[in-house]
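Structure assessment
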Amino acid sequence: VVASDETKRLTNPLRKIVEDKEMPTNPDRELLNLSVGDPTFFGNLPIHKLMKEAVIEAVGSEKFNGYGPAHGLLCARQAVAKHYTTPEAPLTEDDVIITCGCAGALEFCFTVLGNPGQNILVPIPGYPLDSCVAVSRGLNARYYKLLPERQWEADIDHMEQLIDKDTVAIVVVNPSNPCGSVYSKQHLLDILAVAEKYFLPIVADEIYTDLVFKGQLSYLIATLSKNVPVLSCGGLAKKYLVPGWRVGWILIHDRNSRLKKEVIPSLIKVSRKSFGITTLVQAALPQILEKVPQSYYENTMSLVEANANIVYAELSVVAGLTPVMPSGALYMMVGVELDKFPHISTAIDFMEKLMLEESVYILPGECFQYAGYIRVVLLLPNDMVKEACIRIRHFCGRHYVQ
């Protein structure tokens with residue numbers, strides 16, 4: 001019995017690098033895990049009590065034990081539309097599809113927008129799920145560069161050079177995993193100008209919307225688009241700290257009705273491949289989106305920003321490392337001058353030796369198709385982050401050669 005061609009194309013570099021390796025640690029040091037982007041992992045970020053109450057109420061009502069519409073309960077779609085509608089980018093319940101997390105939303109978009117042999121533009125460095133799903137569908141992933149010297153803005157010229165007659169969409173991740181960048185209004189307008197020039201839709205991964213540092217502004221790209229259709233993918237996972245609830249959505253911004261004839265009906269068809277996600281959490285969405293206060297996720301970002309300041313200050317003075325200060329999301333990328341570490345050949349090697357000697361777990365840039373960098377998660381308690389930085393400094397001190 002042979003497996004399908006689709007599964008043979010399926011590879012996630014993050015999972016392949018991390019899960020296929022057995023990495024021993026230093027038994028004399030407690031493991032400090034700066035690799036996991038799950039906000040529940042460390043136990044220091046409890047969910048808001050109103051969210052628990054909303055789910056408990058949905059269970060107690062006994063109204064949501066059966067199947068729901070494949071594209072989402074009406075009350076859930078109405079709640080999402082109400083929460084995200086703006087004068088510049090109005091939404092109704094008919095513009096919302098509920099999915100199994102943001103990952104499910106992206107998979108729906110890639111399934112509908114292209115055929116095998118066509119291509120989609122994705123950022124590098126970037127979270128590997130985008131290209132993983134696209135390639136499994138027979139699409140070719142073309143990687144446009146993000147520029148660390150410009151706070152990980154997209155290289156607009158490079159993006160444009162990659163477009164040809166077989167390009168079907170541009171993926172924009174803002175705020176960014178793994179970079180922690182937050183794009184300015186002008187930069188998003190520059191990206192939209194490229195999409196408009198070549199008549200391409202935008203697939204916007206906006207799961208980290210609103211998760212920005214104090215004084216930063218986070219723009220939903222659809223609010224800036226006059227002519228470019230946008231499929232905005234989001235969900236509860238990061239902002240509301242419940243990735244295991246698996247609630248995501250697609251917000252359909254159909255400029256000039258370019259998606260109306262084929263894409264929107266096809267998204268509905270794709271949703272009908274299953275019976276939809278759990279109705280209980282969907283039923284809780286109206287209360288979650290309406291009642292959970294802004295201070296809830298601002299508290300999360302206060303922790304993340306404080307950790308970003310710690311990591312940047314501590315690692316900026318470490319010879320051989322160049323951290324790039326983020327502006328949001330939950331991560332920081334740190335450059336590694338591998339030529340100054342003669343006994344370390346790659347960022348993967350850096351990860352393995354750091355684990356063995358100091359029991360600090362980071363992810364290598366190869367997980368994000370970007371060699372020469374490591375990614376640090378900023379969700380841990382402050383004291384653990386400080387300790388991790390001290391260990392990284394000691395590690396680099398032993399291995400760095402001028």
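Report follows, based on the coordinates.

This part takes up the pairing of strand β3 (residues 119-124). Within β3, six of the six residues are buried, which leaves the element mostly enclosed by the surrounding structure. Note that β3 and strand β4 (residues 140-147) share six bridges and pair parallel. Paired with I120 across the two strands is A141, which belongs to β4. Between the parallel elements β3 and β4, the chain passes through helix α6 (residues 129-136) in a crossover that is right-handed. In terms of strand pairing, β3 meets strand β6 (residues 167-173) through three bridges, oriented parallel. Along β6, the bridge assignment pairs N119 with T167.

Turning our eyes to something else, we now look at the sheet that holds β6. Sheet architecture is open: eight strands sit in the order β2-β9-β8-β7-β6-β3-β4-β5, paired in mixed fashion. What marks the edges here is a single partner per strand, and that holds for β2 (96-100) and β5 (153-154). The strands touched by helix α5 (residues 101-113) are β2, β3, β6, β7 (202-205), β8 (230-235) and β9 (247-253); relative to β2, the strand with the most contacts, the crossing angle is about 115 degrees. The strands touched by helix α10 (residues 279-291) are β2 and β9; relative to β9, the strand with the most contacts, the crossing angle is about 70 degrees.

Now for α10. Taking 1.5 Å per residue as the helical rise, α10 with its 13 residues ought to reach 18 Å, and the 19 Å between its terminal C-alpha atoms agrees with that figure. Along its length, α10 shows its largest kink, about 40 degrees, at L285, and proline P286 lies within four residues downstream of that point. Turning to α10, its buried residues number three or more, namely T279, V281, Q282, A283, A284, L285, I288 and L289. On its buried face, α10 is in contact with α3 (49-61), α4 (74-84), β2 and β9. Capping the start of α10 is the job of one residue whose side-chain oxygen sits 3.3 Å from the backbone nitrogen of L280: T278.

On the secondary structure map, G328 appears in the loop between β10 (321-324) and β11 (331-336). Separated by 250 residues in the primary sequence, G328 and Q78 place their C-alpha atoms 28 Å from one another. Leaving out residues up to four positions away in the same chain, G328 has contacts with G180, V182, L211, V212, F213 and M301.

In protein structure, a disulfide is the covalent linkage between the sulfur atoms of two cysteines. This model, assessed by the stated rule, comprises zero disulfides. Cysteine C102 is unpaired, with the sulfur of C233 as its nearest cysteine sulfur at 5.4 Å. Using a relative accessible area of 11% as the deciding quantity, one classes C102 as buried. Here C233 stays unpaired: no disulfide links it, and the sulfur of C109, its closest cysteine neighbor, is 3.8 Å away.

In this section: the pattern of salt bridges. For the structure shown, the criterion picks out 14 salt bridges. With a closest N to O distance of 3.1 Å, E358 and R29 form a salt bridge. Placement of E358 in helix α12 (residues 347-358) and of R29 in the loop between α2 (13-19) and β1 (32-33) is noted, with a sequence separation of 329 residues between them. A residue is classified by how much of its surface remains accessible, and E358, at 2% relative accessible area, is buried. Relative accessible area serves as the criterion here: at 31%, R29 is assigned to the partly exposed category. Ionic pairing is found between E107 and R137, a salt bridge with its closest N-O pair at 2.6 Å. Of the two residues, E107 sits in helix α5 while R137 sits in the loop between α6 and β4, which places them 30 residues apart along the sequence. Relative accessible area serves as the criterion here: at 31%, E107 is assigned to the partly exposed category. Each of R29, E357, E358, E387, R391 and R398 takes part in a single network of salt bridges with overlapping partners.

Definitions and cut-offs
The residue count restarts for each chain, going from 1 along the sequence in the order it is written. Side-chain atom pairs in this predicted model are given and counted only at pLDDT of 80 or more, local residue features only at pLDDT of at least 70, and totals for whole chains, interfaces and linings cover all residues. Where side-chain values are given, they derive from all heavy atoms of the structure, hydrogens and water being excluded. Per-residue accessibility, obtained with a 1.4 Å probe over protein chains only, is compared with the maximum for each type, and a residue is labelled buried under 20%, exposed over 50%, and partly exposed between these values. Strands here mean DSSP runs of E at least two residues long; helices mean DSSP runs of H or I at least four residues long; both are numbered from the N terminus. In short, DSSP must find at least two bridges between two strands for them to pair. Handedness of a crossover: with both strands directed away from the viewer, a clockwise path from the first strand across the helix to the second marks it as right-handed. Every residue pair with non-hydrogen atoms within 4.5 Å of one another is taken to be in contact. Angles shown run from 0 to 180 degrees and are taken between the N-to-C directions of axes, each axis being a line fitted to C-alpha atoms and, for helices, limited to the stretch in contact. Working rule for helices: expected span equals 1.5 Å times residues minus one. Fitting axes to the seven residues ending at a residue and to the seven starting there, one defines the bend at that residue as the angle between these axes. Pairs of N or O atoms within 3.5 Å make up the polar contacts considered here, provided that, within protein, one atom can donate a hydrogen while the other can accept it, and that residues adjacent in sequence are counted only when both atoms are side-chain atoms. Two cysteine sulfurs form what is called a disulfide whenever their separation falls within 2.5 Å. Here, a salt bridge means any Lys or Arg side-chain nitrogen found within 4 Å of an Asp or Glu carboxyl oxygen.

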